[in-house]
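A closer look at the structure
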Amino acid sequence: MAELARLEDIHLRSLEGRAVFDALDWSTPFGARYRLLGPSGSGAPDLLRLLAGLLHPDRGQVILDGVPVDGQALSHPFIQRGKLGWVPSNGGLLVNQTLTVNLALPLAFVQGVHSAEAEAMAMEAMEAAGIGPLAQLRPHAMELSQRWLAGLVRASLMRAELWLIEAPPGDLDARTRKRARRVLDQAVDAKAALIVLGEGAWSPDTLQAWQLEDGRIAPWEEP
Amino acid sequence: MSGAGSCAARVGARTRRILASVGSAAWLAVQVFRASLRIRTDQVGLIYAVTRMQVRFTALDALALTLFTALLLGGITLLQVFSQLSGFGAENYLSQLMARLVLRELGPLLVAIVVIGRSGTAIAAELASMRLNGEIDALCAMGVNPLQFVLAPRVVGGMISMFTLIICFDAAALLGGFFVARLRLPLSLSFYLNALGSAIGGKELAITLLKGLVFGGTVPLLCASYGLRVRTSPTEIPQAVTKAVVASLLAVFLSGALLSVAIYG
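Residues numbered from 1 in each chain as written. Chains lettered and ligands numbered in written order. Predicted model: local features only at pLDDT ≥ 70, side-chain atom pairs only at ≥ 80, totals over all residues. Heavy atoms only, no water.

With 149 residues, the main nonpolar core has Trp26, Leu36, Leu47, Leu152, Leu162 and Trp163 of chain A as its most contacted residues. Contact partners of tryptophan 26 of chain A, with chain neighbours within four places excluded, come to Ala5, Arg6, Leu7, Tyr34, Leu36, Leu47, Leu51, Ile195, Trp210 and Ile217 of chain A. (Core = buried A, V, L, I, M, F, W, Y, C linked by side-chain atoms within 4.5 Å. Buried < 20%, exposed > 50% of the residue type's maximum accessible area, 1.4 Å probe, protein only. Contact = heavy atoms within 4.5 Å.)

With that out of the way, let us pick up the pattern of salt bridges. All names here are of chain B. Under the defined criterion, the tally for this structure stands at eight salt bridges over all chains. Among the salt bridges present, the one from lysine 211 reaches glutamate 105, with a minimum N-O distance of 3.2 Å. Of this pair, lysine 211 sits in helix H8 (residues 202-228) while glutamate 105 sits in helix H4 (residues 94-132); the two residues are 106 residues apart in sequence, bridging distant segments of the chain. By relative accessible area, which is 1% here, lysine 211 ends up buried. When the shortest N-O distance is used, the salt bridge between glutamate 126 and arginine 154 registers 3.1 Å. Pair noted here: glutamate 126 is in helix H4 and arginine 154 is in helix H6 (residues 146-182), with a separation of 28 residues, a long-range link. Residue classification places arginine 154 among the buried positions, given a relative accessible area of 6%. (Salt bridge = Lys/Arg side-chain N within 4 Å of Asp/Glu carboxyl O. Helix = DSSP H or I, 4+ residues; strand = E, 2+ residues; numbered from the N terminus.)

Residue and element names in this part refer to chain A. Counting across every chain of the model gives six aromatic pairs over all chains. When the centroid spacing of 5.4 Å and the interplanar angle of 40° are considered together, the rings of tryptophan 26 and tyrosine 34 count as tilted. Take tryptophan 26: its relative accessible area is 4%, and that puts it in the buried class. Residues tryptophan 26 and tryptophan 210 carry aromatic rings whose centres are separated by 5.4 Å and whose planes lie at 80° to one another, so their mutual orientation is edge-to-face. Taken together, the positions of tryptophan 26 in strand E2 (residues 19-29) and tryptophan 210 in strand E9 (residues 208-213) put the pair 184 residues apart, joining distant regions of the chain. (Phe/Tyr/Trp six-rings, centres within 6.5 Å; stacked < 30°, edge-to-face > 60°.)

This part takes up the packing of helix H2 (residues 41-60) of chain B against H6 of chain B. Residues and elements named next belong to chain B. At a minimum axis distance of 8 Å, the contact between H2 and H6 shows a crossing angle of 45°. On the basis of their axis angle, the class for H2 and H6 is oblique. For the pair H2 and H6, the sense of crossing is right-handed. Here H2 contributes Gln43, Leu46, Ile47, Val50, Thr51, Gln54, Val55, Thr58 and Ala59 to the contact with H6, which in turn contributes Gln148, Phe149, Pro153, Arg154, Val156, Gly157, Ile160, Ser161 and Leu165. Taken together, the residues that form the contact of H2 with H6 break down as 10 nonpolar, seven polar and one charged. (Axes fitted to C-alpha atoms, helices over the stretch in contact; angles between N-to-C directions. Parallel < 35°, antiparallel > 145°, perpendicular 65-115°, else oblique. Left-handed = near helix turned anticlockwise from the far one by under 90°. Nonpolar A, V, L, I, M, F, W, Y, C, P; charged D, E, K, R; others polar.)

On to the interface of chain B and chain A. Frequently, the measure chosen for interface size is the accessible area that the parts lose on association. On the chain A side, the residues contacting the 27 residues of chain B number 24 residues. Buried surface at the junction of chain B and chain A, both sides included, amounts to about 2,100 Å², of which 65% is carbon and sulfur. At the junction of chain B with chain A, the criterion picks out one salt bridge. The residue aspartate 137 of chain B makes a salt bridge to arginine 49 of chain A at a minimum N-O spacing of 2.6 Å. For the interface between chain B and chain A, the tally reads seven residue pairs in polar contact (both at pLDDT 80 or more). Counting only elements with at least two residues in the side of chain B that touches chain A, the list comes to helix H1 (3-37), H2, H4, helix H5 (135-142) and H6 of chain B. Here the side of chain B that touches chain A takes seven residues from H5 of chain B, the largest share from any one element. Taken together, the residues of the side of chain B that touches chain A break down into 13 nonpolar, eight polar and six charged. (Buried area = accessible area lost by both parts, 1.4 Å probe. Polar contact = N/O pair within 3.5 Å; in protein donor to acceptor, adjacent residues only side chain to side chain.)

Structure below.
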């Protein structure tokens, strides 16, 4: 299967100088469904940030859709097209904007959709995900799990091809879990790759698990 | 290390930090400028909305405070200047001196201090908090360039606001000051206005425009630069704000002096 993302000979040290990755090689093909596991400090969130171009390795390179991520992630064509579905634990929403504006922003700014149309699309997606009543709220007035769900909806609106999803904050209630699963089922098409951290909203048996430990990554094997 | 060596090392480290800060702000300014040139026409509306909010916060919301300050300062300065001039029998030069004092130096400087205190601190704290909350990262990952969407509107908004506030400050200080001073002094409005009109020339307008644009661009950039340097902890936010204010004040005093020397010699 063709590669969507590749990490080549990645060396990364933490702020305290501890080696997080040491000559890490890993690739993600189109259509992959991966779940990252590992003890605290194993670097799973760092791996996601490396793939998103938000963290730069001390050595080695990250290749997205065949193009290395050099310097500023913003100059990468894959990211410029808005094809990265980055969903951090807190949703990554702008706190001084309403949920509607937050969800419509990348559509309008990156994909050039007219603002009114982008807001209508955002509204429709929020209704479908069951968060329509929150449309005019700002993130601080929402629960943490709702912000995370909103982050998923925002990535779905962009028709992301590489989904990088951090674990939701705390345990999701059954309703939010169901809503998140519905968003993912509808938005992540067969070609798109999905890499998630933690338990989240997905059925573990549908995802291939990878274990991160001592700066290395390997397929997870049940003890 | 000897005492002198340790002292020299400290001075060197401090100088290096100051130069690094200047370099970082200059680099950011270049990046914002380059990113602004790449703004697409369909993005202008979104950026305009953020710019309008910035102008509203920086200029409109600060207008009452600026006018009040200008009125008091204009009145007090006029009283002081009049008492000095009348000692020499040179009351005729009152308007000329006021125009030079307010338009060239006091107006831009005091407006810059108001803007640093109100908006510069807000920009530094807001960007630091956006960085810590992962909002800047989320924008980058979505392909929304923060230089275009977050920084450019603050710089342009700062320039428009600073220029507008300086004009309002100058008008309030010169005219309002006259009315405040008239409560205690026997001044003629027509004489004052005529003399004021002849004292205000192209150079005064040029320095108002230049200082407005330079201060208005420098303050948001420096404050944003310090805000974006916050990395891990919310305790860094107040430190970033303090550093941003000190750096902005220094930059305003320095660039103001340089511009005055350059224009008036």
